[in-house]
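Geometric and topological summary
Residues per chain are reported as follows:
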There are 2 protein chains.
Amino acid sequence: MKKNNSVSISVIKRLPKYFRYLGSIAEKGIVRVSSKELSAITGLTASQIRQDLNHYGCFGQQGYGYNVKELLNELSKILGIDKKYNVIIIGFGNIGKALFKYQGFRNSSYNFTAIFDKDVEMIKEFTDEVEGYDVDYLKEYLQNNKVDIAILATPKQVSQQVADILCEGNIKGIWNFAPEDIKTKNDVVLENVHLDESLYTLTYYMNNPKDYISQE
Amino acid sequence: MKKNNSVSISVIKRLPKYFRYLGSIAEKGIVRVSSKELSAITGLTASQIRQDLNHYGCFGQQGYGYNVKELLNELSKILGIDKKYNVIIIGFGNIGKALFKYQGFRNSSYNFTAIFDKDVEMIKEFTDEVEGYDVDYLKEYLQNNKVDIAILATPKQVSQQVADILCEGNIKGIWNFAPEDIKTKNDVVLENVHLDESLYTLTYYMNNPKDYISQE
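Residues numbered from 1 in each chain as written. Chains lettered and ligands numbered in written order. Predicted model: local features only at pLDDT ≥ 70, side-chain atom pairs only at ≥ 80, totals over all residues. Heavy atoms only, no water.

**A look at the packing of helix 2 (residues 35-42) of chain A against helix 3 (residues 46-54) of chain A**
All names here are of chain A. At a minimum axis separation of 8 Å, helix 2 and helix 3 run at an interaxial angle of 110 degrees. With respect to their mutual orientation, helix 2 and helix 3 come out roughly perpendicular. Here helix 2 runs over helix 3; the crossing is right-handed. On helix 3, the residues that touch S35, K36, L38, S39 and T42 of helix 2 are A46, I49 and R50. Classifying every residue of the contact of helix 2 with helix 3 by side-chain character gives three nonpolar, three polar and two charged. (Axes fitted to C-alpha atoms, helices over the stretch in contact; angles between N-to-C directions. Helix = DSSP H or I, 4+ residues; strand = E, 2+ residues; numbered from the N terminus. Parallel < 35°, antiparallel > 145°, perpendicular 65-115°, else oblique. Left-handed = near helix turned anticlockwise from the far one by under 90°. Contact = heavy atoms within 4.5 Å. Nonpolar A, V, L, I, M, F, W, Y, C, P; charged D, E, K, R; others polar.)

Now the structure itself:
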């Protein structure tokens, strides 16, 4: 656990949003964008946006705004999307399969190198693009192969046990879809996608509209 | 857009976590739990937990703590999980299919009533549990059927267009998986699951470990 963080979580959480917004602006062929224009799209204030981007050394040009392509490049470096990652999936149920097919992964940054499940035959029936292994082989696999990111999509009963093997196996990050809080060690970064929590948040707001602030 | 929110987002975001923690405590047959014990599991301070729960009128008994079952019941009411919701899916690709099969939905609160896609045959091949329709029929369907929650899992190019139809169709909430920011109206609540942003956050922290605070 590190506490000496210099960038606040709320800034970090906005970076992928900027990346997405700029991506759609670039798709439309737009070359330059001002923080004021970004403000109109994102709903954030122009000064907030400038402050966030300045923080990473992305300075727009007074009166000209930002060069969209350059800013996209900068953001992709900041987010680490300019690098390549070896990715494995553990637990190849419906969520695991959906993530394997997920378009967001189908760019050059993420390279699936192995899939693990108790049912190896099922993996092989689903895909021949990536090697499928019994989850019992995970520990040995990690000793012999460089893995950066593990997608954890196992049943919650075994998620911590698998996470322990992953953290001992020199991986760098876990993207956890198991509906359970897991603990990591050895500086392994954890990012949770708790679908149940997201769904409950939705029903909470549906039942408590006075607490709802629209997301823009 | 409502701004007179009386409960802060951070409190609301913790409620589903309490619900999950208490669920696993209940599974173990534990009858009573103190805020101190909850603190040890959640990593939040006991006073924070008490304050959050007090806010909703859930008061533990001095020296006895909380009755686990009662608190679970209260939280399920607060989160609105004690009610029943008619749910439809729009866009039946890999994510749509995974959510349809998602265990979190397989409790009595969520009742799938229809699935929409451009490819109706594909829906019918996948399941005969729920009726499949062409997405062109969505508007008419909403005029004739009560729908509470719509899961939006379409390609991003059409997500706003579908969201507009949903917001005109008397639904209450949209659970959006399309990698696009959509706008809602008519008090429709929006909850986004932006998988791409979550993945980029993971790679950001992997590349900026000094900013990482472990999630506990």
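Structure shown, so let's carry the discussion forward.
**Focus: the relation of the copies chain A and chain B**
For the match of chain A to chain B, the screw axis carries a shift of 0.0 Å, the RMSD comes to 0.0 Å, and the turn is 180 degrees. The transformation just described matches what one would write down for a two-fold rotation axis. Scanning chain A for the C-alpha nearest the rotation axis identifies A:A98, at a separation of 3.2 Å. Most of the interface of chain A is mirrored in chain B, where 100% of its interface residues again form contacts. (Least-squares fit on C-alpha atoms with pLDDT ≥ 70 in both.)

**Section: the sheet that holds strand 7 (residues 173-176) of chain B**
Strand order in this open sheet of six strands is 5-4-3-6-7-8 (chain B), and the pairing throughout is parallel. Two strands bound the open sheet, and with one partner strand each, they are strand 5 (132-134) and strand 8 (189-192) of chain B. Shown here is a sheet whose adjacent strand axes are inclined to one another by a mean of 25 degrees, direction ignored. Note that strand 3 (residues 85-90) of chain B and strand 4 (residues 110-117) of chain B share six bridges and pair parallel. Residue B:Y85 lies in a different strand from strand 4 of chain B, and its bridge partner there is B:Y110. Strand contacts of helix 9 (residues 195-207) of chain A: strand 3, strand 4, strand 6 (149-152), strand 7 and strand 8 of chain B, with the helix running at about 165 degrees to strand 8 of chain B, the strand carrying the most contacts. Sheet strands touched by helix 5 (residues 94-101) of chain B: strand 3, strand 4, strand 6 and strand 7 of chain B. Its angle to strand 4 of chain B, the strand with the most contacts, is close to 160 degrees. (Pairing = 2+ DSSP bridges.)

**A few points about the interface of chain A and chain B**
Facing the 74 residues of chain A at the interface are 74 residues of chain B. Of the roughly 7,100 Å² buried between chain A and chain B, counting both surfaces, carbon and sulfur atoms make up 58%. Applying the counting rule to chain A against chain B returns ten salt bridges. One salt bridge in this structure joins A:D196 and B:R20, with 3.8 Å as the shortest N-O distance. Counting the contacts that link chain A with chain B gives 32 residue pairs in polar contact (both at pLDDT 80 or more). Elements represented by at least two residues in the side of chain A that touches chain B include exactly helix 1 (9-27), helix 5 (94-101), strand 7 (173-176), strand 8 (189-192) and helix 9 of chain A. (Buried area = accessible area lost by both parts, 1.4 Å probe. Salt bridge = Lys/Arg side-chain N within 4 Å of Asp/Glu carboxyl O. Polar contact = N/O pair within 3.5 Å; in protein donor to acceptor, adjacent residues only side chain to side chain.)

**With respect to the sheet that holds strand 8 of chain A**
Residues and elements named next belong to chain A. Strand order in the open sheet formed by six strands is 5-4-3-6-7-8, and the pairing between neighbours is parallel. On the outer flanks of this sheet lie strand 5 (132-134) and strand 8, each paired with one strand and no other. The mean inter-strand angle of the sheet, taken between neighbouring strand axes irrespective of direction, is 25 degrees. Pairing analysis gives three bridges linking strand 4 (residues 110-117) to strand 5, with the strands arranged parallel. Bridging across to strand 5, F116 finds its partner in Y133. Against the sheet, helix 8 (residues 156-168) contacts strand 3 (85-90), strand 6 (149-152) and strand 7, and its axis sits at roughly 175 degrees relative to strand 6.

**Here we look at the packing of aromatic side chains**
Here the distance between the centres and the angle between the planes together describe a pair of aromatic rings. Under the definition given, this model contains 29 aromatic pairs over all chains. Between the aromatic rings of A:Y137 and A:Y141, the centroid separation amounts to 6.3 Å while the plane-to-plane angle is 70 degrees, which identifies the pairing as edge-to-face. Since its relative accessible area comes to 27%, A:Y137 is described here as partly exposed. Aromatic pair B:F92 and B:F100: ring centres 5.9 Å apart, planes at 75 degrees, arrangement edge-to-face. Within the aromatic cluster, the residues linked to one another by ring pairs are A:Y56, B:Y204, B:Y205 and B:Y212. It is B:R20 that lies over the ring of B:Y21; its NZ or CZ is 5.8 Å from the centre. (Phe/Tyr/Trp six-rings, centres within 6.5 Å; stacked < 30°, edge-to-face > 60°. Buried < 20%, exposed > 50% of the residue type's maximum accessible area, 1.4 Å probe, protein only. Lys NZ or Arg CZ within 6 Å of the ring centre and 35° of its normal.)

**Digging into helix 4 (residues 68-78) of chain A**
Of all the positions in helix 4 of chain A, only A:V68, A:L71, A:L72, A:L75, A:S76 and A:I78 are classed as buried. Seen from one end, helix 4 of chain A has its buried residues packed into an arc of 155 degrees, which puts them on one side. Relative to its buried face, helix 4 of chain A has exposed residues pointing more than 90 degrees away, namely A:K69, A:E70 and A:K77. If you follow the buried residues of helix 4 of chain A, they end up packed against helix 1, strand 1 (32-33), helix 3 and strand 2 (66-67) of chain A together with helix 9 (195-207) of chain B. Two or three places before A:K69, at the start of helix 4 of chain A, stands the capping residue A:N67, its side-chain oxygen 3.0 Å from that residue's backbone nitrogen. A:G80 sits one or two residues past helix 4 of chain A and shows a positive phi near 75 degrees. (Arc of directions from axis to C-beta.)

**A closer look at the side chain of A:K97**
On the secondary structure map, A:K97 appears in helix 5. The contacts of A:K97, once residues within four sequence positions are left out, are A:F92, A:M122 and A:F126.

**Some details on helix 1 (residues 9-27) of chain B**
Helical geometry: 3.6 residues make up each α-helical turn, so side chains three or four residues apart lie on a common side. All names here are of chain B. Taking 1.5 Å per residue, 19 residues should reach 27 Å; helix 1 reaches 28 Å between its end C-alpha atoms and fits that length. Those residues of helix 1 not exposed but buried are V11, I12, R14, L15, P16, Y18, F19, R20, Y21, L22 and I25. Taken from the residues just after helix 1, G29 is the one with a positive phi, measuring 80 degrees. (Expected span 1.5 Å × (residues − 1).)

**Topic: the pattern of salt bridges**
All names here are of chain A. Going through the model one piece at a time under the given rule, you end up with 26 salt bridges over all chains. Among the salt bridges present, the one from K185 reaches E168, with a minimum N-O distance of 3.2 Å. Linking K185 in the loop between strand 7 and strand 8 with E168 in helix 8, this pair joins segments that are 17 residues apart in sequence. Among the residues examined, K185 registers a relative accessible area of 38% and is labelled partly exposed. Accessibility expressed as a relative area gives 53% for E168, which makes it exposed.

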